[in-house]
Amino acid sequence: MVQLSLSLPCLSGLAFVRCTPLNGCRAYPGSHDWPSNAVWKGLNETLGGRLLAPAPPGAVCHPGQPTYNADQCPNVKAGWSSYDWHTDNPVSVMWDQFANYTCLPDPKGPCSGQGYPPYVVNATTAEHVKHGIEFARKHNIRINVKNTGHDYLGRSIAPGALSIWMHHMNSIEYHADEFKLDGSGKVLKGSAVTVGGGTQMYDIYRYTDAHNQTVVGGGGKSVGVGGFISGGGHSTLAPRFGLAADNVIQIEVVTPMCKILTVNEDQHRDLFWALRGGGGSTFGIMTKITMWTHPTPKITDVKWMAITDPKAPFVSDLISYIVSQMPYLMDSGMSGYNLVSTGMPNPTPFPGLPTEIAGFMGANLIQNADDPNVAAKIFKPLNDTLKEKWQGQAVMFQTTEQYPSFLAWFDKNYDQGQAGQSSYMVSRLLDGKALTGDPEALGKALKAGSAPSGGMLVFMVAGKGVQDAKPRGGNAVNPAWRTAYVHAVEGMGFAPFNKTAEEEAIKLLDTSFQPLRALTPNSGAYINEALPFEKDWQHTFWGTNYKRLLKIKRAVDPTDVFWCSPCVGNDRWEERPDGRLCRSSK
Ligand SMILES: Cc1cc2nc3c(=O)[nH]c(=O)nc-3n(C[C@H](O)[C@H](O)[C@H](O)COP(=O)(O)OP(=O)(O)OC[C@H]3O[C@@H](n4cnc5c(N)ncnc54)[C@H](O)[C@@H]3O)c2cc1C
Ligand SMILES: *[C@@H]1O[C@H](CO)[C@@H](O)[C@H](O)[C@H]1NC(C)=O
Ligand SMILES: *[C@@H]1O[C@H](CO)[C@@H](O)[C@H](O)[C@H]1NC(C)=O
Ligand SMILES: *[C@@H]1O[C@H](CO)[C@@H](O)[C@H](O)[C@H]1NC(C)=O
Ligand SMILES: *[C@@H]1O[C@H](CO)[C@@H](O)[C@H](O)[C@H]1NC(C)=O
Ligand SMILES: *[C@@H]1O[C@H](CO)[C@@H](O)[C@H](O)[C@H]1NC(C)=O
Ligand SMILES: *[C@@H]1O[C@H](CO)[C@@H](O)[C@H](O)[C@H]1NC(C)=O
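Remember, it's a predicted structure, so these values are computed and weren't measured experimentally.

Draft legend 1. The arrangement of the overall build of the protein in detail. When you go through the protein residue by residue, the secondary structure sums to 19 helices and 22 strands. The C-alpha radius of gyration of the protein comes to 24 Å, within 12% of the 25 Å expected for a compact globule of 586 residues. Considering only C-alpha atoms, the protein reaches an extent of 80 × 60 × 50 Å along its principal axes. By residue count, 60% of the 586 residues in the protein fall in the buried class. Contacts in the protein between residues far apart in sequence, at least 24 positions, make up 73% of those at least 6 positions apart. With an accessible surface of roughly 23,200 Å², the protein has 53% of that area assigned to carbon and sulfur atoms.

Here it is in C-alpha cells:
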C-alpha cells in the first residue's frame, strides 16, 4: 500500500495530517517502505554529495568487514577512550551501551551497523539540515541529531535513522559591544558571539579569549554547544552569570516543518523559549546560536580537602557539615567541582595522611579576587569548626594558584575523563533548605548517594547567578535550577554485553539517590547529566515548564518528526526491543 505520506509535501502544516499510519512504524533498513538506493542517491545529489553511509566505527578491526584494515585497528582502539575520536566520527558516541555493542573495535565481538544510523547528512549549512529533515519526513524515516556524541542519555544515536551531523557547522563570529536582533532590529547592549550549532566549547573559549572575553561554557573541551544549551548548560561561571541557556539571545533553527527561522525574544517567542532548556533534537535543529560574552575574569584556583580516616565514626557528619557550608562558600564567590567520598585512596601529595581517606575534595575557583589570601579567609570558619568538633582528627588543606584569564585556568583544569565505556549517571539539584535544614538527613543522603562508586560529585554551579538569572523572554530551563546551589551527580560503570549488569547499575544508581530525592521534594534533576530512566522524568527534568513545552512540541512538530528519549512529547512512539520506532501501543 502506498502511504499517504509519500505524496505530502514537507511543508504541509495541517496538524491532522499524519505522515505515518496510526499504528505504523518508521521505515527501517529492509522494511518495504525503506527508500531504494536510487532514492538515497537523489538525496545525495540534492545535498551536493554530502550524504555519508559510514562504516560502523569499529569495522577496521573486524576481518569480515569491507573496510577491515589491521593497520588502522590499533589507532581506533587507542582513540576509542578519547572524546575527540567519537566526536570526529559521523556516527560514534561516547558511551558504548547506546550502540548496543554492535561494533566495538574488538575482533572478538560482533560487528554490524545495526546499532547505528545507516545514513548521515554531513551538514555545513541550514539548507543541508533542511534537506535532511525534508527527506526523512517524506519517506517516514526516523531522524537523529548528532553533534559530538557526548550525551550521557544516548540521545544522539538511533538505529535505522537518517542522522544529521552538526559537527562541521562550527563558524564563530564576534559582535563587539552590541547585537541587533533579527526582525525587530532591537539593539541589545553588550558583546556577543554567534556560533554554528555544532561548535565545540574549547573553540569558543579560545576565540572569545582573543577579545579578552569568555562565555558560560562547560568543563569539557569537546562538548558541543547544541546539546549543552538545549539542556541548560552549567559552568563554574554560572553562579555569576547564569546558565549557558540564560545567556542565549538568538537562535537560527530548522523546524520539524522544514522552515529556517531566526528566533529571539521578539519573534517566534515560544520556540525561542523551548529551545533554551527544553532538550535537544525535539523542537528542531539549531544551526546558529548567539550568546552573551563576558569580560574574562582573572581566576584564583582553589584546590582543597577536608578529610579524615574512613574508619572514623564521624565521616558522614564531616561530609554533611562541609556540604552544608556550600551556600556560604558560593555566596562568598566560590564555584566549581567537588567530590565527597566515604573512603578512597589518598590522591594527593599532602604529607602525613593515611593511605585511605574520607571526606571532601574541591577543585574550585574564585573570580577577580585581589587578595591572595581570599580562600584562607573564606575557609576560616570551616577550619575553626573542624578543630572544635573533631580536635585534629579531621583536617583541612588548601592551595591556591593565580591565572590571568578563564582560558588560562581552563587549560590546566578541563575535564580529562575518558570515553568508550559503559556507564550511567544520576542527578539531583540541591537547594538551600536541603543543604542547611537537616544535617543528619543530609549526611545519610550523601552517604547513600556515594554508595555505588564510593564517591559522589557535588558541583557548585548554581547559586546566585542562576537563581537570579533573567533570561530574555524567559526560558524552559528546569525551574529547580532557580532555587539550587548544588548539582549532585553519581556515576557507575558496568560490564559490556551484560544486560544483567546494566540493569543492576541502573537500579543501584536509582536507589542510591532516593534519599536525596526525598530531601528535595520540590526539586528535580539536570537533564544533560541524568539517569534516562528517572521516574516521572517529565517533571523531574522540566518541573512546571513541562506543560508549556508539550504544547509547543505539538504545535511545531504535530507529526513527531523528531523523537528521542527522554524527550518532551515522545509518548506517542516507542523504540521496540529490535530497535524499530513504532507508534506507542499505550
Ligand atoms: C566530558 C564531558 C564534560 C561535560 N561537562 C559539562 C558541563 O560542564 N556542564 C554541563 O552542563 N554539561 C556537561 N556535560 C554534559 C553535556 O552538556 C551533554 O553531554 C550534552 O548533551 C552535550 O551536547 P553535544 O551537542 O556535545 O552532544 P550530542 O550527544 O551530540 O547531543 C546531545 C543532544 O543534543 C542534541 N543536539 C546536539 N546539537 C544540536 C543542535 N544543534 N540542535 C538541536 N539538537 C542538538 C542531540 O540530538 C542530543 O539530543 C559534559 C559531558 C561530557 C562528556
Ligand atoms: C554521495 O556523493 C559523493 C560525491 O559524489 C560520494 O563521494 C559519496 O560516496 C556519496 N554518498 C553515498 C552515501 O553514496
Ligand atoms: C564532512 O564535511 C567536512 C566539511 O566540508 C569535511 O571536512 C569532512 O571531511 C566531511 N566528513 C566526511 C566523513 O566526509
Ligand atoms: C586584552 O588585554 C590585554 C592585557 O590587558 C591587552 O594588552 C589587549 O590589548 C587586550 N585585547 C583586546 C582585543 O582588547
Ligand atoms: C586550617 O588551619 C591550619 C592551622 O591550624 C592551617 O595549617 C591550615 O592551612 C588551615 N586550612 C585551611 C583550608 O585554611
Ligand atoms: C553479568 O553481570 C552479572 C551481575 O553483575 C554477573 O553476576 C554475571 O556473572 C555477569 N555475566 C557474565 C557472563 O559475565
Ligand atoms: C541489542 O542486541 C541484542 C543482542 O544482540 C539484541 O537482542 C537486541 O534486539 C538489540 N537491541 C536493539 C535495540 O537493537
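From this point, things continue past the structure.
Draft legend 2. Spatial organisation of the packing of aromatic side chains. Using the criterion set out here, one finds 25 aromatic pairs in the structure. Seen in terms of ring centroids, Phe98 and Tyr424 are 6.0 Å apart; in terms of plane orientation they differ by 80°. Their pairing is edge-to-face. Pair noted here: Phe98 is in the loop between helix H3 (83–88) and strand S2 (119–122) and Tyr424 is in strand S18 (residues 423–431), with a separation of 326 residues, a long-range link. Classification of Tyr424 by relative accessible area gives buried; the value is 3%.

Draft legend 3. A look at helix H16 (residues 499–512). With 14 residues, H16 extends 20 Å from end C-alpha to end C-alpha; this agrees with the ideal 20 Å at 1.5 Å per step. Taken residue by residue, H16 has Ala501, Glu502, Ala505, Ile506, Leu509, Asp510 and Ser512 as its buried positions. In the core, the buried residues of H16 are packed alongside S18, helix H14 (439–450), strand S20 (484–493) and helix H17 (514–519). One side-chain oxygen of the residue at the start of H16 lies 3.1 Å from the amide nitrogen of Thr500, identifying that residue as Asn498.

Draft legend 4. View of the site of ligand 3. Taken together, Arg50, Leu52, Asn122, Thr124 and His168 make up the full set of residues near ligand 3. Contact between ligand 3 and Arg50: an oxygen atom at 2.7 Å from a side-chain N or O atom of the residue. Within the side chain of Asn122, an N or O atom sits 2.4 Å from an oxygen atom of ligand 3. Burial of ligand 3 by the protein chains amounts to 47% of its free accessible area of 360 Å². Partitioning the shell around ligand 3 into residue classes produces 1 nonpolar, 3 polar and 1 charged.

Draft legend 5. Structural context of the pairing of S2. Side chains Tyr119 and Val121 of S2 all project onto a buried face; the interleaved residues Val120 and Asn122 project onto the opposite face, where all are buried too. Pairing analysis gives 2 bridges linking strand S1 (residues 51–52) to S2, with the strands arranged antiparallel. Its bridge partner being in S2, Leu51 is matched across the sheet by Val121. Sheet analysis places S2 next to strand S4 (residues 162–165), joined by 4 bridges and oriented parallel. Across the sheet, the residue bridging to Val120 is Ser163, located in S4.

Draft legend 6. Inspection of the sheet that holds strand S8 (residues 192–196) at higher detail. Read from one edge to the other, the open sheet built from 5 strands follows the order S5-S8-S12-S10-S11, with strand pairing classed as antiparallel. On the outer flanks of this sheet lie strand S5 (172–175) and strand S11 (260–263), each paired with one strand and no other. Each neighbouring strand pair of the sheet contributes to a mean axis angle of 15°, computed without reference to strand direction. Summarising the sheet, strand S10 (residues 248–254) and strand S12 (residues 285–292) pair through 6 bridges and their orientation is antiparallel. Counted as the bridge partner of Glu252 is Lys288 from S12. The strands touched by helix H4 (residues 126–138) within the sheet are S10, S11 and S12, with S10 carrying the most contacts at an inclination of about 50°. On top of the sheet, helix H5 (residues 201–209) reaches S5, S8 and S12; it is set at about 35° to S5, its chief contact.

Draft legend 7. Representation of the packing of helix H9 (residues 315–324) against H14 in the model. Relative to each other, H9 and H14 sit at 105°, their axes nearing to 8 Å. As the angle between them shows, H9 and H14 are arranged roughly perpendicular. Of the residues in H14, those in contact with Ser316, Ile319, Ser320, Val323 and Ser324 of H9 are Pro439, Leu442, Gly443, Lys444, Leu446 and Lys447. Of the residues assigned to the contact of H9 with H14, the class counts are 5 nonpolar, 4 polar and 2 charged.

Draft legend 8. Here's a closer look at the sheet that holds S1. Reading across from one edge, S1-S2-S4-S3 is the order of the 4 strands in this open sheet, with mixed pairing throughout. The strands lining the two open edges of the sheet, one partner per strand, are S1 and strand S3 (143–146). In this fold H4 packs onto S2, S3 and S4, with an angle of close to 170° to the strand it touches most, S4.

Draft legend 9. Expanded view of the domain arrangement of the protein. Domain parsing of the protein yields domain 1 (9–165) and domain 2 (299–400 + 425–527). For domain 1 versus domain 2, the separation of C-alpha centres amounts to 38 Å. Interface of domain 1 and domain 2: buried area, both sides summed, is about 620 Å²; carbon and sulfur atoms make up 74% of it. On the domain 1 side of the interface with domain 2, the three residues burying the most area are Gln97, Tyr101 and Tyr152, jointly 62% of the side's total. Connecting domain 1 to domain 2 are 0 salt bridges.

Draft legend 10. Inspection of the state of the cysteines at higher detail. Scanning the model with the defined rule gives 4 disulfides in all. With a sulfur-sulfur separation of 2.1 Å, Cys61 is cross-linked through a disulfide to Cys73. Taking the torsion about the S-S bond as the criterion, the Cys61 to Cys73 disulfide, at about 105°, is right-handed. With Cys61 in the loop between S1 and helix H2 (73–79) and Cys73 in helix H2, the pair connects residues that are 12 residues apart, well separated along the chain. Classification of Cys61 as buried rests on a relative accessible area of 3%. Shown here is the disulfide that connects Cys564 with Cys567, its sulfur atoms set 2.1 Å apart. Between Cys564 and Cys567, the disulfide has an S-S torsion of -115° and is therefore left-handed. For the residue pair Cys564 and Cys567, the accessibility class agrees, reading buried in each case.

Draft legend 11. Structural view of the confidence of the model for the protein. Looking at the protein, the pLDDT average stands at 95 and 96% of residues meet or exceed 70. Segment residues 1–20 is flagged for pLDDT under 50; beyond a separation of four residues in sequence, or across chains, it makes 35 contacts in the model.

Draft legend 12. Examining unusual backbone geometry more closely. Ser565 connects to Pro566 through a cis peptide bond whose omega is 0°. Mapped onto the secondary structure, Pro566 falls in the loop between helix H19 (546–556) and strand S21 (573–575). We note that Asn140 has phi near 60°; this positive angle belongs to a residue other than glycine.

Draft legend 13. Broad picture of the environment of Thr559. Residue position: Thr559 is located in the loop between H19 and S21. Distance in space between the C-alpha atoms of Thr559 and Ala59 is 35 Å, their sequence separation being 500 residues.

The rules behind the values
Residues numbered from 1 in each chain as written. Chains lettered and ligands numbered in written order. Predicted model: local features only at pLDDT ≥ 70, side-chain atom pairs only at ≥ 80, totals over all residues. Heavy atoms only, no water. Helix = DSSP H or I, 4+ residues; strand = E, 2+ residues; numbered from the N terminus. Rg over C-alpha atoms; globule rule 2.2 N^0.38 Å. Buried < 20%, exposed > 50% of the residue type's maximum accessible area, 1.4 Å probe, protein only. Contact = heavy atoms within 4.5 Å. Areas by Shrake-Rupley, 256 points an atom, 1.4 Å probe, with all protein chains shown as cover. Phe/Tyr/Trp six-rings, centres within 6.5 Å; stacked < 30°, edge-to-face > 60°. Expected span 1.5 Å × (residues − 1). Polar contact = N/O pair within 3.5 Å; in protein donor to acceptor, adjacent residues only side chain to side chain. Near = heavy atom within 4 Å. Nonpolar A, V, L, I, M, F, W, Y, C, P; charged D, E, K, R; others polar. Pairing = 2+ DSSP bridges. Axes fitted to C-alpha atoms, helices over the stretch in contact; angles between N-to-C directions. Parallel < 35°, antiparallel > 145°, perpendicular 65-115°, else oblique. Domains from an automatic or database assignment. Buried area = accessible area lost by both parts, 1.4 Å probe. Salt bridge = Lys/Arg side-chain N within 4 Å of Asp/Glu carboxyl O. Disulfide = S-S within 2.5 Å. pLDDT = per-residue confidence, 0-100.

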